[in-house]
Every structure is written in structure tokens, then in C-alpha cells.
Amino acid sequence: MERAWSVAARNLRRNRRRNLATALAIAFGFAGLVVIGGYGNRVEQFLRTNAVYLQHSGHVTVFLENGLHKASAEPEQFQLNPVAQQKILAWAAQDRRVEFSARYLRGVGLAGNGCGTHPTRLLGMEQTALHRVLYHREVAKWSAEISRPVRGRWMDAYPELPQAVAVSAGLAVLLQKPRIHDEAVGLPPAPLILHCETEQRLDELGRDANVQLAAITYDGSLNAVDTEMVATFHPSETLGEDGTMYTSLSLLQTLFATEQVTYVGLFLHDAKDAAAVAKEITVALGKEGLAIEALPYDDERSKPYYVGTMAFLGAVVGFITVLVELVLALTVLGAMTLTILERTREIGTWRALGFTRRQMTALLVREALILSLLGLLAGLLLGLAGAVAINASGIRFAPPGVPGTIQLVIVPAAWICAIQAAIVIPGLCAAAWLVARAQVKRNLVDLLTSQTG
Amino acid sequence: MQIPHSSQLIVKVAFRNVRRNWRHSIAALATLAVGFLALALFQGYIEEFLRSQLDVIYSRIMIGEVMVQKKGAGTRQARINPEKYRIDEKEQQFLDRWIAANSGSVKTNVRTLLLVGMAHMGGSSAQMILWGYDVPEGRIARRKWSWNTWAGHPLRETEPSGTVLALGLGEILGCMATSEAPVLDPITAAPLPIERPFQCKQPSLMLTVTSGSGRTNALEAEIVGLTRAGSRDFDEHLLWVPLRFAQDLASTRAVSQYMIVLNQPKSGPMMRAALRVELQRAGIDLEVVDWIDTEGADLLRRGIDLLTVFRGLVFVVILIIAGAAVLTTMMKTVRERTREIGTLRSLGYLRRHILALFAMEAAMLAILAGGIGLLCSVVCTLAINASTITYKGGLLADAIPLRVGYSFSAYAWGFLFLSFVAVVAALLAARGVTRMRISEALSDG
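Rules and cut-offs
Residues numbered from 1 in each chain as written. Chains lettered and ligands numbered in written order. Predicted model: local features only at pLDDT ≥ 70, side-chain atom pairs only at ≥ 80, totals over all residues. Helix = DSSP H or I, 4+ residues; strand = E, 2+ residues; numbered from the N terminus. Rg over C-alpha atoms; globule rule 2.2 N^0.38 Å. Buried ≥ 20, exposed ≤ 12 C-beta atoms within 10 Å, placed from the backbone. Contact = placed C-beta atoms within 7 Å. Nonpolar A, V, L, I, M, F, W, Y, C, P; charged D, E, K, R; others polar. Pairing = 2+ DSSP bridges. Core = buried A, V, L, I, M, F, W, Y, C linked by C-beta atoms within 7 Å. Domains from an automatic or database assignment. Axes fitted to C-alpha atoms, helices over the stretch in contact; angles between N-to-C directions. Left-handed = near helix turned anticlockwise from the far one by under 90°. Expected span 1.5 Å × (residues − 1). Arc of directions from axis to C-beta. pLDDT = per-residue confidence, 0-100.

**Describing the overall build of chain A**
Within chain A, the secondary structure is distributed over 18 helices and 12 strands. Its C-alpha radius of gyration of 31 Å places chain A more than 25% over the 22 Å reference for a compact globule of 453 residues. In terms of overall dimensions, chain A has C-alpha extents of about 105 × 60 × 30 Å along its principal axes. Expressed as a percentage of its 453 residues, the buried residues of chain A come to 48%. Expressed as a percentage of contacts within chain A between residues at least 6 apart in sequence, the contacts between residues at least 24 apart total 80%.

**Thoughts on the interface of chain B and chain A**
Taken together, the contact pairs 57 residues of chain B with 61 residues of chain A. Within the residue set of the side of chain B that touches chain A, elements represented by two or more residues are α2 (22-60), α3 (76-80), β2 (106-121), β3 (124-133), α6 (167-173), α7 (232-235) and α10 (298-336) of chain B. With 20 residues, α10 of chain B is the single largest residue contributor to the side of chain B that touches chain A. Class assignment of the residues belonging to the side of chain B that touches chain A gives a composition of 28 nonpolar, 19 polar and 10 charged.

**Focus: the pairing of strand β1 (residues 66-69) of chain B**
All names here are of chain B. Here β1 shows two buried faces, one formed by Val66 and Val68 and the other by Met67 and Gln69. Here β1 pairs with strand β11 (residues 257-262) via four bridges, running antiparallel. Bridge pairing links Val68 to Tyr258 in β11.

**Overview of the nonpolar core**
By size, the foremost hydrophobic cluster in this structure holds 138 residues, and its most contacted members are Val62, Val165 and Ala166 of chain A together with Ala119, Leu169 and Leu239 of chain B. Beyond its immediate chain neighbours, meaning those up to four positions away, Val62 of chain A contacts Ile88, Tyr263, Val264, Leu266, Ile281, Ile292 and Ala294 of chain A. Core analysis: the next-biggest nonpolar cluster, separate from the first, contains 108 residues, Ile410 of chain A together with Ala38, Ala40 and Ala356 of chain B among them.

**Brief notes about the domain arrangement of chain B**
Once the domains are mapped, chain B shows domain 1 (6-57 + 301-442) and domain 2 (66-289). The distance between the C-alpha centroids of domain 1 of chain B and domain 2 of chain B comes to 49 Å.

**Some remarks on the environment of His56 of chain A**
The residue His56 of chain A is located in the loop between α2 (16-54) and β1 (60-64) in this model. In this structure the C-alpha to C-alpha distance between His56 of chain A and Thr128 of chain A, which are 72 residues apart in sequence, comes to 13 Å.

**As for the packing of helix α12 (residues 351-386) of chain B against helix α13 (residues 408-434) of chain B**
All names here are of chain B. The contact between α12 and α13 brings their axes to 8 Å, and the two run at 145°. Crossing of α12 over α13 shows right-handed handedness. By residue class, the composition of the contact of α12 with α13 is 20 nonpolar, five polar and two charged.

**Side note on the environment of Leu313 of chain B**
Relative to the assigned elements, Leu313 of chain B resides in helix α10. Looking at Leu313 of chain B, the number of C-beta atoms within 10 Å reads 18, which means it is partly exposed. In contact with Leu313 of chain B, not counting residues within four places along its chain, are Gly32, Ile36 and Ile320 of chain A.

**Describing helix α13 (residues 274-287) of chain A**
Residues and elements named next belong to chain A. When the terminal C-alpha atoms of α13 are compared, their 20 Å separation across 14 residues agrees well with the 20 Å that a helix rising 1.5 Å per residue should span. When α13 is considered as a whole, its buried residues turn out to be Ala274, Val277, Ala278 and Ile281. Along α13, the residues classed as buried sweep out an arc of 100° about the axis, all on the same side. In this structure, α13 carries Val283, Gly286 and Lys287 as exposed residues pointing more than 90 degrees from its buried face. Packed against the buried residues of α13 are β1, α5 (82-94), β2 (98-112), β9 (263-268) and β10 (292-296). Of the residues flanking the end of α13, it is Gly289, one or two places downstream, whose phi is positive at about 90°.

**Describing helix α11 (residues 338-346) of chain B**
Residues and elements named next belong to chain B. When α11 is considered as a whole, its buried residues turn out to be Ile341, Gly342, Leu344 and Arg345. Each buried residue of α11 sits inside an arc of 165° when the element is viewed along its axis, so together they form one side. Where α11 is buried, its residues contact α12, α13 and α14 (438-442). With its phi angle positive at about 110°, Gly348 sits one or two positions after the end of α11.

**Comments concerning the confidence of the model for chain A**
Considering every residue of chain A, the mean pLDDT works out to 87; 97% of them sit at 70 or more. Here helix α18 (residues 444-448) of chain A stands out as the least confident element of chain A, with mean pLDDT 74; β9 of chain A is the most confident, with 97.

What follows is the structure in C-alpha cells.
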């Protein structure tokens, strides 16, 4: 069968209309898979970027042993002291897989405007790390919309203002602070004693971007600092909207009167190295007598939302893929059954001319393969066009766990399309092989005298 | 020429053709059956997910079919001026009278007061959402979740300053359950009423909130139990206290909401409408709503919306592929039977009779496929539900059991949907042949 492929292609052309219908079914099915795979890819990248960069955790989050669960309850005992911090940073600096590392301090406090207070979660970070995180190419690519402040500029733009803070947009509303630092410059100052019980309050609070921050230090005393709101932002968690503040690490350490940090985030060049880096740093520092807990971003204990959502999404996408594969295989099964039944006498003639059963089966499978490849190619183009159309339409949706809405963006990935095609093609060929094998097994005389075809 | 009993004849001929060409039909039949199975399972999953989540949420957080609150109670303005957005004593008296007048329909009524503040315990602090409620009424409203704790015990009337912490909040403050014993009843999926041990670094915690006048109040509460809040975010923030304790903490006698649980949940819309009329008549400006329409149900609504998008995609894919499968089969069938069509036409059958014949064949295929699909759906549903598989669902704190419901509406829609797809595909395939001249059709092949 030297010209087996051209014979198969010619046979396909003979039943153009029916084969077109089958190829279209394959194309639409595969286009559906490309779109849903593109959606899954986009969600994964979006959630990963949020988990790693915008939640300021890094690909690997390094706590003191048991610090993940106990750092809040017993900060003095389960946070990282300066010696531990240096050991972790030194290990990270010599490892080529680590792009950069940064120290973070978590806490809670009360944000006040002089008339009232609201509880808030606090995250203190190094300004250089904040700059690298927010202007990182991954953030720009996948989460640009969420990474931008709602108003103002991030704290790293104000090196001369050590008390600069960013306040979640909802908390700024609760504090009745409509202006950020840049917008309040040059306004007449608010009176020393505010008229909190009257409507005058709104005007007075709006004259500056000053927010007081109070908290209980680790030794139990009450401490407070004055801060300047330079930006408002949407945190990447829904419940954070009404109570989250980002400050510099030094400001938060002053507030809690500590030199400790809650964790060190390791940001890697390649996310795939996270598990290995987490394992190796734990072993290496353990040998130096420092017991740590290093959690990769895909560890459920560290990022339950990311892991839970991806597991759920994976199950749904997997279900749809299996379903489409099954229906497509049945469609090809049906089409090939009809093709073979129609050509029973033709098959008999080929056999009479000396072609073996194996060669006949191979010819028919080749036809199915060409049909599938054409269908997949058309499906890929259709899926890509669909993705472009969806992206251009600017549809916005509200996924669970994200404040407000985000744009629906479909980003098909070559590797996902390849995997989907690799799952679909054998299924379709197997369907054709099953039908062909059953037919060519028939007796030569039966084939030649068949009423069908 | 009028064909006598043509419709009966068409049905007979169609049935005969389906039987005679079973080999041609089997692939289309299988495609349609798988399509039906997929639709039924996906819809059954979504319906069961919604039903079970609503059941758990309504029980867990004591939601009534009639929810009464001030307009704008869920907004940030209500956080700034809380007292203005609470139900005052006069309004409570009106609601209590209305409930007493409708006591035959009302199972119980739970008043709640929601506060935001800080919880402190020996050097650790956390943001908290404090949920004050009527303890005995809350027990009734929780239905099969009347025992709602993972460790310790639920709130009791005899413990006026008792508090139950969500496990995540407890962890932040230094409390954790110390028992590894299973908590949830495998049949009801609610906690078993067993008092399990827990440890806290201190037996009590200090709660602070800002009152309506801007003053900060503080009260000490004794930790009596730990529970799960359902969603991961809330699990790090929620704690429950008796209503009077919450009112003392906020220096108020007002409440945030009335949750009226009805004996007949289906009468919710009617009772809500009746209460709205009464409130309007009395000139009281309160909002009567269904919880599912409120801000609190946002997370659930978003999850359901996402699943609905996926379901839409599955529908479209099945529509196209099943349609193409039937089209392929019908094209072959129609082409093979061109002479038969010519004969029928020469006997006086009109074009519409021929089209009806093929439409009938396709509908029979769809109904047969639906029957097979229905049988497979029931078997798969039984198997999935018996498998006790669980999965994690994003923001939800607990693993969700994978269950599929028996969705009769999905079965009915599945039959209709696939019949429609099959009939349209058959008509498309047959359209060309019926337009041929009779002589041309008779001399085909």
C-alpha cells in the first residue's frame, strides 16, 4: 500500500457531504475543548498570580516550624527572628532558582479617622519587594487589572514618606476618607478637634489622607502610629475589601514593637520548582539547626482557595473533555459504520485483488485519522477565533472569591490543546478500527455479494 | 389525493424503518443516549449541589424563609452609622405582634445582631464578625444542625456570656479541637451531638466593638465551643454569642435582622408579600426579603452562575455533535431510500408526508435514545451517590460529597431537547430528496 494515504484521502472526497458533517462535529467539539481549556488555563494563571504575587506569599512561603497555624496566636514564639530571617535569605540568595525573596509581617489592628475605628488586617512588606511584585511580568500578564491601585500610587513611589500605606477601597469608604495623599496636598488642614457628631465631619475628614493605626504589641501594650494613605486598592480576597492595609515592614514592626517577621516569601523563576525548593530549604536549614515550615503555593494548607478551585475546575473540565471525547468517538463510529457498509463490495474487491485484512483496516483507519486531523485543525482555528471574539467582546463576570468583576479572557495554551488532541485522536481512530475490523473479517464471497454498497 | 389514516401509516412505516436500519441507527442512538446522559448528570449535579448547599446554609446560619431588615443594612453606610440601619424596639414590637398573629404558620423566629470588631486573647488579636442570636430559637432554626459544634457544645441559655468560635478564628487566637474522632454524621452530614474536647491558651477572650456613638466597648466571653463557618474566609472571622450579650457589647437594644422560619417553606413568597403589605399599612420602613437575594448569598450565587456557564457550554457541544450525528445517519438513510421516496410520492404522499416520515423516525430514535440515556442516568446516579466521593470546592471550608440528584425536569428537557435536535437534523437531511421530481427519484441508483 504505497499510496495508502492518497487512496484514503480520495475515499474521503467521494463522500464529501457526510464527511463534512462528521468533520464539522469533530471541529465544533474540539473548538469547545479549546475554549474551555483556554478558560481553565486563564483561571489557573490568574489564581496562581494572585496567590503568589498579589497575596505576597511567593511560590514558597517559609514560616518557622508550626508558624503557619500558630504565628498569629503566639507571635513571639512562632515568628522568624532576625537570625532565622538572615539564614533563609542567605539560602535563597545562593539558589539560582530563586528570583528574589522578601520578608513579611502580618497582624491586625484598628484603623481610625479620629471619629471612629475599624478592624483591619495588616501586611508589612519591604518596598523593594513590593515594587518587584507589582511590576513583575507575570502580574502584568495575568492580573494587571487587580494589581493596579484603584486610586493613587503604591507606597514604593513615595520613598520620602515612610508612613505611606495603601488602604483597601472598602476600608477607605468606611473611614470616610475620599482623598488619597496626592489629592489632599494643598487643602486647608482639618481642625484639631473634629466635629464627629455633625455632617461637618465629612468635609473635615476629607481634607487629609491621614489614617491612625492602633494595635496591641506582642507584650500586651497598646501602640499607635500615624499613617498617610497614598493608594486605595482591591485586595484579591472578597472579605479583605472592608479591612486590609499594606504598610512598610519597618512601620508595622514599629507598631508591634518587634524585629520579627511572620514569613519569608521566595519568588522563583519557574513555578514548577516550588515543591523542590520547599523541600531542599527545609532540609538545608534543618541541618543548620533551624526548623522551618516551607510551603509551596500549591499546598492546600498554604493556599486552600487556589488548590480547591483548581481541583474543582479540573474535575469540571475533565468531565466535559470525557463527554466530548465520548460523543465524538460515537459520531466517528457512526460515520465509519455507514462508510464501510456503503463500501462492502468495494472492500470485497480490494480483498479479491490481494489486499490483506490488515491493509484494509489500516486504510479505513487512515481515512478516520485524516478526517479527525482535518476536524481538529478546523476546530483549533474555530476555537482560537472564538477565544479572540470572546476576549474582544469585553464580557465581565463575577467569579467566587474575587471582589467585583473581572473580564472574561480565554487564553488557549499550546500544551493544553496538544493534550486534548492527544486524547481525542486515539479515541477516534479506535472507533474507526473497531468498525473496520468487524467488517473486513467477513468472508470474501459475502463481501462481494453484499446487498449494501 | 388524500391518504387515508396517513399519520398512522407514517408512524408504522417510520417504526419499521428504524427497526430495519438498526445498524445505521445504532451510532446515532448511542450519541443521543450519551448526550442525554451528560445533560441529565450535569443538571442533576447542579440541582443537588444547590439543594444540599442551601439546606446546609439555611440550617447552619439559621436562615428563615422570611428575612426582615432595614433597607441598606448590608451596605458600608450601615457600618458607618450602624444604629440607623438596625430594627429598633418599636419596629420589633410590631414584628412580634405580626408573628404572634401568624403563629400557625411560623415555626420560630430568630433575632440576630451582627457586629464587626476585634477579638483578643493573651497577646493575639483577630478581626471578628460577631453574630448574636436568640439561643433557644436558633436551636430550632438550625433544624438537623441543632448541635453545631466540632468541639465543645453549642450555646446554651444558661451561659449568657458563652461564645462559639469558628475553627479558623480559634486557630488564630490559640484554640483548637483536640479530638481526631469523626465529626459529621455520614447520613445527615451534620455534626454528631458529642461534646469533643478542645484546648485554648485561655478559657475566655476579650471582644471589642465600636458602638454607634463611636465609643469602643469591650466584654469578656467564655469559649464554650468550636465550629466551622462553611466558607474559608468566614471561618477566620465568625463567632457566635447570645443576642443579649451582643446587645450589651454594642450598647443597643436594636437587632440587625428577624429570621422567620415557616412551617411550610413553600409559603415563603406569600408570607413575605403579606408582611410587606402590613408594614406598608403601618408606615414602617423595613425590607422583607428572601435570603438568596441578599448580599450574604453572593458567594453561592457566583458559584451557581459559574456552573450555569459550564452547563451552557455542555448544552452547546451536545447540540452540535448530536445534531451532526443524526444528520449523518439521516443523510445516508435518505440517500439509500430515494427510490422508496419516489414510490411513496407516486402513491400520492405529499412532500410534507415524506418529511413527517423522516421526522418521525428521528423522533423515535431520540425517544429510544432518551429511554436508554434515562436508564444509564439512573444507574450512574446510583453508583455516584453510593461511591461517597468528596471534593474541595474553592472557598468552601468543608469537603463536598459528590452527589447527583434525580432531576425530573432535566429528564423531560433532555427528551424534548434531543427530539428537537434529531427532528431538525432529519428534516435538513430529507429536504433535498423530497424536492426531486418523482421520476427522478424512482430512477435513482
